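# Fold and geometry: a report
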2 protein chains.
Amino acid sequence: MAVVARLTGSDTQKDPNALDKLSKLCAADMARVNQLIVDRMQSDVPLIPELAGHLVAAGGKRLRPLLTLASARLCGYEGDKHIGLAAAVEFIHTATLLHDDVVDESDLRRGRETANAVWGNQASVLVGDFLFSRSFRLMVESESLRVLDILANASAVIAEGEVAQLITANDTATSEEDYLFVIRSKTAALFAAACEVGALVADHSTASTPALEQYGANLGIAFQLVDDYLDYAATDDSFGKGIGDDFREGKITLPVVLAMRRGTDEEHAFWKRTLESCEQQDGDLERAMEILKVREGLADTLIRARGYADTARAALADLPENDYRKALEDVVDFCVERAY
Amino acid sequence: MAVVARLTGSDTQKDPNALDKLSKLCAADMARVNQLIVDRMQSDVPLIPELAGHLVAAGGKRLRPLLTLASARLCGYEGDKHIGLAAAVEFIHTATLLHDDVVDESDLRRGRETANAVWGNQASVLVGDFLFSRSFRLMVESESLRVLDILANASAVIAEGEVAQLITANDTATSEEDYLFVIRSKTAALFAAACEVGALVADHSTASTPALEQYGANLGIAFQLVDDYLDYAATDDSFGKGIGDDFREGKITLPVVLAMRRGTDEEHAFWKRTLESCEQQDGDLERAMEILKVREGLADTLIRARGYADTARAALADLPENDYRKALEDVVDFCVERAY
């Protein structure tokens, strides 16, 4: 079902394991981050580490904390404050996932049962709150008010994006601008903050902090565009979520926004029935995928993703040319190439 | 239905409007806090201030931010950082209420429909996250890492208490110690932090900070004990929540813990049926109230509340004798006297 043809103008073949390469480069730091994550999710209330551990054990790419670690190292940082900040970033992300799953009423994430499916919504909300609070304690240890402000702001923006997504759900009149607001907020804000605080602990005085913030912001948008593409195009094997989740939940993502703009009256009626009225029947997902292909909603979503990816890569231009910079450049490709 | 007889040994008649007196004393500061609350709950996503405003407009006593304001003023503070911290404390409390209502599946709070009943659980979770994040931005403005650490820790402890409450719900084997852990965490931690950060912005060097922390912690326990008492004893007029809410939700509060300890086999079976199996029928709430009276679960809960109240008042002994100290002393009485 996945689009296998490469876009014309695509770069030369890139290592498909760019993320693995980044992980390897940051392995020593990441081991410390993982230990800190385990330490700081402990509580006298055993259900908390049990539930949080379920999500942590599920793994995932740990992309966001890797961005913090690599950003700090790229800027030549030799201290250890980036460890706590990377853990804080992952806690914010984990808390968001826990609350997302409650919000989405999801049963599966990364191929496993979600925490709310196992322990119920109530515990998921509260353990999310716990991790979120613990992330702030980790940030306080950085002793940087600027770092705290950046991450607190990112957290508020994520919540704004999630609420905006709730509002645009089931609304086929959602514009590309509305959609971009949602993904900038719910996804790109944390990517940007993760990079920015990494750069910030390394060096306050240079232009590297805004450069890495821009890198993260654009990478985050590209990442989410590809995610939304994959929801209609991935095979279950390559993609953590179930294919068609967004469709079933009536989420309005860019492929649909573009197809709506270009569609016939009959197609508009189809989207309104399936996504607004949520009256879905057998064969509707296949029909949706067919329309998205014909109207080039999928292909054009990828073209946009590549544009943001190029911008992300360009943001690194003035930074020191070292292994970390190379790894961050390659991660941009990974984020887009996973669509193929 | 309320217990009207005073306990023997009760203090001389106190002003029943001690909280109003405190509010009046802090009126100028509180007006600034209220304005800040309105300012900082704004967002480009209109649903956020709409939903948050519902809860804020519902009023409530604003006891926690008043504690921050009065603690700072008691210590002679003349700056304005206590304004932002009081707003932060109220935001944490409001976020907790929003998530609580999702967790409790409540329909009424302070006599109004809960936000989740109007806008759904999803929006309530996310707007809670938003307010929580905004509270941290407010704290950052205090430029005190110690303040940030205290409030971040309190937030984590609140979540722990709520999870512990989830675990003890429907478990009639809950001990008095288990119960105390829950209320220390879910209620007293924020009372303590609210007072502590008020003292802290005023003066780092004196013993007033630990004294006010102790005042808040003990006041918080007394407050929650009385709340749990009132759930079985209040008339709907005098109490914001619906009477018998805890009973219907199977929450195990101190009156029940004490009555279980002292009850007959037949009474144990009653509690197990109604609170563990949640098989409730007409007349059960009345029967519960009758048992709690006979086994002195209600009266002894109040006696304990008075003990913590006395400890709270005693914690103020070494602090400057001024109007703010007098008002905080009187608030202790208010918290207990509202039971009568």
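Residues numbered from 1 in each chain as written. Chains lettered and ligands numbered in written order. Predicted model: local features only at pLDDT ≥ 70, side-chain atom pairs only at ≥ 80, totals over all residues.

## Re the overall build of chain A
Along chain A, the regular secondary structure elements total 16 helices and 2 strands. For chain A, the residues scored as buried account for 55% of the 340 residues in total. A sequence separation of at least 24 residues applies to 77% of the contacts in chain A between residues at least 6 apart. (Helix = DSSP H or I, 4+ residues; strand = E, 2+ residues; numbered from the N terminus. Buried ≥ 20, exposed ≤ 12 C-beta atoms within 10 Å, placed from the backbone. Contact = placed C-beta atoms within 7 Å.)

## Remarks on the relation of the copies chain A and chain B
Mapping chain A onto chain B calls for a rotation angle of 180° and an axial translation of 0.0 Å; the resulting RMSD is 0.0 Å. Within this description, the copies of the chain are treated as partners about a two-fold rotation axis. Counting the interface residues of chain A, we find that 100% of their copies in chain B are interface residues as well, pointing to one common contact surface. (Least-squares fit on C-alpha atoms with pLDDT ≥ 70 in both.)

## Describing helix α9 (residues 176-202) of chain B
Residues and elements named next belong to chain B. The end-to-end C-alpha separation of α9 is 37 Å, in line with the 39 Å expected for 27 residues at 1.5 Å each. Of all the bends in α9, the greatest measures close to 50° and is centred on alanine 188. Here α9 lies mainly inside the structure; 21 of its 27 residues are buried. (Expected span 1.5 Å × (residues − 1). Bend = angle between axes of the 7 residues up to and from the residue.)

## Overview of helix α13 (residues 265-276) of chain B
For α13 of chain B, with 12 residues, the first-to-last C-alpha span of 15 Å sits near the 16 Å given by 1.5 Å per residue. Of the residues one or two after α13 of chain B, cysteine 278 of chain B is the one with positive phi, at around 55°.

## As for the interface of chain A and chain B
A common way to state how big an interface is: give the accessible area lost once the parts meet. Of the residues lining the interface, 36 residues belong to chain A; the matching set on chain B comes to 36 residues. Residue assignment for the side of chain A that touches chain B shows that the elements contributing at least two residues are α3 (47-57), α5 (81-104), α7 (121-140) and α8 (145-168) of chain A. Broken down by element, the residue count for the side of chain A that touches chain B peaks at 14 residues, all from α8 of chain A. Among the residues making up the side of chain A that touches chain B, the classes are represented as 22 nonpolar, 6 polar and 8 charged. (Nonpolar A, V, L, I, M, F, W, Y, C, P; charged D, E, K, R; others polar.)

## What to know about the environment of glutamate 329 of chain A
Residue and element names in this part refer to chain A. One can find glutamate 329 in helix α16 (residues 323-337). As for glutamate 329 and tyrosine 215, which are separated by 114 residues in sequence, their C-alpha atoms are 9.4 Å apart. When residues no more than four places from it in sequence are discounted, the contact partners of glutamate 329 are Arg313 and Leu316.

## A look at the packing of helix α1 (residues 18-25) of chain A against α16 of chain A
Residues and elements named next belong to chain A. Between α1 and α16, the least distance of the axes is 8 Å, while the angle of their chain directions is 150°. It follows from the interaxial angle that α1 and α16 lie roughly antiparallel. Crossing angle aside, the handedness with which α1 passes α16 is left-handed. Here Ala18, Leu19, Lys21, Leu22 and Leu25 of α1 come into contact with α16, specifically with Asp323, Tyr324, Ala327, Asp330, Val331, Asp333 and Phe334. Class assignment for the residues of the contact of α1 with α16 results in 8 nonpolar, no polar and 4 charged. (Axes fitted to C-alpha atoms, helices over the stretch in contact; angles between N-to-C directions. Parallel < 35°, antiparallel > 145°, perpendicular 65-115°, else oblique. Left-handed = near helix turned anticlockwise from the far one by under 90°.)

## Some thoughts on the nonpolar core
Leu151 and Ala222 of chain A together with Leu151 and Ala222 of chain B are the most contacted members of the largest nonpolar core, which has 238 residues in total. Dropping the residues within four chain positions of it, leucine 151 of chain B is found in contact with Ala88, Ile92, Met139, Ala193 and Val197 of chain B. (Core = buried A, V, L, I, M, F, W, Y, C linked by C-beta atoms within 7 Å.)

## Quick look at unusual backbone geometry
Of note, cysteine 278 of chain A is a non-glycine position whose phi angle comes to about 55°, a positive value. Along the chain, cysteine 278 of chain A turns up in the loop between α13 (265-276) and α14 (284-294). When the 12 C-beta atoms within 10 Å are taken as the criterion, cysteine 278 of chain A is described as exposed. Of note, arginine 62 of chain B is a non-glycine position whose phi angle comes to about 55°, a positive value. Checked against the element boundaries, arginine 62 of chain B lands in the loop between α3 (47-57) and α4 (63-74).

## What about the environment of alanine 159 of chain B?
By the element assignment, alanine 159 of chain B lies in helix α8 (residues 145-168). In this structure alanine 159 of chain B comes out as buried when scored by C-beta crowding, with 28 C-beta atoms within 10 Å. Residues alanine 159 of chain B and threonine 96 of chain B lie 63 residues apart in sequence; the distance between their C-alpha atoms is 8.5 Å. Once residues lying within four places of it in the same chain are set aside, the contact partners of alanine 159 of chain B are Leu126, Asp129, Phe130 and Ser133 of chain A.

## Some words on the environment of alanine 269 of chain A
Along the chain, alanine 269 of chain A turns up in helix α13. Along the chain, alanine 269 of chain A and alanine 159 of chain A lie 110 residues apart, while their C-alpha atoms are 32 Å from each other.

## Description of the confidence of the model for chain A
When pLDDT is averaged along chain A, the result is 89; 89% of the residues meet or exceed 70. Between residues 1-15 of chain A, whose pLDDT stays under 50, and residues either more than four places distant or in other chains, the model counts 18 contacts. (pLDDT = per-residue confidence, 0-100.)

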